[in-house]
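This is what each chain is made of:
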Amino acid sequence: MKIHSQATKGHLMVGITLILLSLSSLIATLILDTNILPFLVFFFGVWGGIETGRYLESWMSKRNV
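All of the points below concern the structure found in this document. All values reported here derive from a predicted model rather than from experimental measurement.

Time to look at the pattern of salt bridges. Tallied over the entire structure, the rule returns one salt bridge. Ionic pairing is found between Arg-54 and Glu-51, a salt bridge with its closest N-O pair at 3.5 Å. Here Arg-54 and its partner Glu-51 are both found in helix α2 (residues 37-63), three residues apart, which amounts to about one turn of the helix.

What follows is the structure, encoded as structure tokens:
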């Protein structure tokens, strides 16, 4: 797997924002008891994890070189 070499701090900021959206969707799911919000928890959580992981992978590879 090739590391995304152009990952910037923007990827980290977007990832953190998406993870926070996922957590807020989780809280709203617990409070409102709706059916669509669990999908948003999964969607934002996975997307945020990918963006955060992309930045961290790039950062770790630059540090070890």
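Inspection of the secondary structure assignment puts Lys-9 in helix α1 (residues 9-32). For Lys-9, a relative accessible area of 60% translates into the label exposed. Lys-9 sits 46 residues away from Tyr-55 along the chain, and the two C-alpha atoms are 7.0 Å apart.

On to the packing of aromatic side chains, then. The full count for this structure, using the stated rule, is three aromatic pairs. Seen in terms of ring centroids, Phe-39 and Phe-43 are 6.1 Å apart; in terms of plane orientation they differ by 20°. Their pairing is stacked. With Phe-39 and Phe-43 both in helix α2, this residue pair falls four residues apart, about one helical turn. Under the relative-accessibility criterion, Phe-43 is labelled partly exposed at 38%.

A cluster of nonpolar residues, Ile-16, Ile-19, Leu-20, Leu-23, Leu-26, Ile-27, Leu-30, Ile-31 and Leu-32, forms a patch on the protein surface that exposes about 880 Å² of accessible area. Its place among the elements puts Ile-16 in helix α1. Overall, the relative accessible area of 39% leaves Ile-16 in the partly exposed class.

The rules behind the values
- Residues numbered from 1 in each chain as written.
- Predicted model: local features only at pLDDT ≥ 70, side-chain atom pairs only at ≥ 80, totals over all residues.
- Heavy atoms only, no water.
- Salt bridge = Lys/Arg side-chain N within 4 Å of Asp/Glu carboxyl O.
- Helix = DSSP H or I, 4+ residues; strand = E, 2+ residues; numbered from the N terminus.
- Buried < 20%, exposed > 50% of the residue type's maximum accessible area, 1.4 Å probe, protein only.
- Phe/Tyr/Trp six-rings, centres within 6.5 Å; stacked < 30°, edge-to-face > 60°.
- Patch = residues over 30% accessible without salt bridge, like charges linked within 9 Å, V, L, I, M, F, W, Y side chains within 5 Å.
- Areas by Shrake-Rupley, 256 points an atom, 1.4 Å probe, with all protein chains shown as cover.

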